[in-house]
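# A closer look at the structure
Here is how the chains run, residue by residue.
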Amino acid sequence: MNEPKKAADSAEDFVARLRAIGAAAYHDKHPFHVLMHQGKLTRRQLQAWIENRFYYQWSIPRKDATILAKAEADREFRRAWIGRVTDHDGIGDIEGGINKWYRLAEAAGLNRDDVASLRYVLPGVRFAVDAYVNLCASRPLTDAVASSLTELFAPVLMADRIIVLEKLYPWLDARGLDYFRGRLVQAPRDSKFGLEYVVKHCITRESQDRAADALTIKCHILWGLLDAVHYAYVEPGFLPPLWSDTRKL
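The structure reproduced in this document is the subject of the present report. (Residues numbered from 1 in each chain as written. Predicted model: local features only at pLDDT ≥ 70, side-chain atom pairs only at ≥ 80, totals over all residues. Heavy atoms only, no water.)

### Thoughts on empty space enclosed by the protein
We count it as follows: Note on definitions: the grid is 1 Å and covers protein atoms alone; a cavity is a set of points where a 1.4 Å probe fits but cannot get out; a pocket is an open set with protein on both sides within 12 Å along at least five of seven lines; lining residues have an atom within 4 Å of a point. Grid points are joined across faces, edges and corners, and a volume is the space filled by probe spheres set on the points. Numbering of helices and strands starts at the N terminus; helices are DSSP runs of H or I of at least 4 residues and strands are runs of E of at least 2. Following the grouping adopted for this structure description, the nonpolar residues are Ala, Val, Leu, Ile, Met, Phe, Trp, Tyr, Cys and Pro, the charged ones are Asp, Glu, Lys and Arg, and the polar ones are all others, Gly among them.
Scanning the entire structure with this criterion turns up one cavity of 30 Å³ or more. Within this model, the largest cavity holds a volume of roughly 280 Å³. Around the largest cavity, the lining is made up of 25 residues, and of these R53, Y56, E151, Y179 and R183 lie nearest the centre. If you list the elements that add at least two residues to the lining of the largest cavity, you get α3 (43-70), α4 (75-89), α9 (154-168), α10 (178-201) and α11 (205-233). In terms of residue count, α3 provides more of the lining of the largest cavity than any other element does, six residues in total. Here the lining of the largest cavity is composed, by residue class, of 10 nonpolar, five polar and 10 charged.

And the structure:
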């Protein structure tokens, strides 16, 4: 006998469910981030995070372009969402997040061309970030938008990170922190739009479950990215075979 379908959550309960996912699984709780915010990373470990996280930043416009292509019948959505692409790529004389990340890399003593080449991106980081792009390409629009809702949890982490990096890593030129300062404005704006869109369009239990699943996967992807960096550069400190990074930690 078929079980009766579960009723959809109310909008308030659905939002609470999404927020609970972030409270449980956002990557601010990862051991690598904990070490970072305690000021316990070595210079090389922080540099490695900057190099590897760049692959995520570099992939965001590709991910957002994929989402835009899905909204073929929703002009207003495209008009709102395209700002995410220009936020990262820049437009006209306005500098984008990718260039700001280059400046962060240089502030940490890295070579911009090395970072841009992706030569120090770990295989596990590539797999994690590519999985995010693939999730957005392969699943419905509402799922893809829901996966972006990790932005709900980012502003507090970003604000803390600015303070931590300035105070506990004095060798890092503070002028390189503009990326994080910009996200203090962009993330709340973007997450507000994304949350309203998901709540408006996920009106069945099935669609709500799919959205919650997409957000959970995204949290796991961010966690997996840090797993790779932590394993290679912190504990146990094993770099992949045939790896070119022989710099000291």
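### So, the packing of aromatic side chains
Defined as follows: Ring pairs are drawn from Phe, Tyr and Trp, using the six-membered ring of Trp, whenever the two centres fall within 6.5 Å, and their geometry is named by plane angle: stacked under 30 degrees, edge-to-face over 60, tilted for the rest. Only protein chains enter the accessibility calculation, which uses a 1.4 Å probe; a residue whose area is less than 20% of its type maximum is buried, one above 50% is exposed, and one in between is partly exposed. The criterion for a charge sitting over a ring is simple: Lys NZ or Arg CZ within 6 Å of the ring centre, and within 35 degrees of the ring normal.
For the coordinates displayed, the defined rule picks out 16 aromatic pairs. Plain terms: the ring middles of Y56 and Y132 are 6.1 Å apart, the flat faces sit at 10° to each other, and that makes the pair stacked. In this pair, Y56 is assigned in helix α3 and Y132 in helix α7 (residues 123-138), connecting sequence segments 76 residues apart. A residue is classified by how much of its surface remains accessible, and Y56, at 9% relative accessible area, is buried. Three or more aromatic residues link up through ring pairs in this structure, and these residues are W49, W101, Y179 and F180. The ring of W81 carries the charged tip of R84 above its face, separated from the ring centre by 3.6 Å.

### Concerning the pattern of salt bridges
Side chains that differ in sign of charge can pair as their charged atoms come close. Using the following cut-off: When a carboxyl oxygen of Asp or Glu lies within 4 Å of a side-chain nitrogen of Lys or Arg, that pair is called a salt bridge.
The final tally for this structure, using the stated rule, is 22 salt bridges. The partner of D213 in a salt bridge is R139, and the shortest N-O contact between them spans 2.9 Å. With a gap of 74 residues between them, D213 in helix α11 and R139 in the loop between α7 and α8 (141-147) connect regions that are remote in the sequence. On the basis of relative accessibility, which here comes to 35%, the residue D213 falls in the partly exposed class. Owing to a relative accessible area of 15%, R139 belongs among the buried residues under this scheme. One salt bridge connects D143 with R210, and the closest N-O pair in it is separated by 2.8 Å. Remark: R210 occurs in helix α11 and D143 occurs in helix α8; sequence separation between them is 67 residues. When its relative accessible area of 1% is taken as the criterion, D143 is described as buried.

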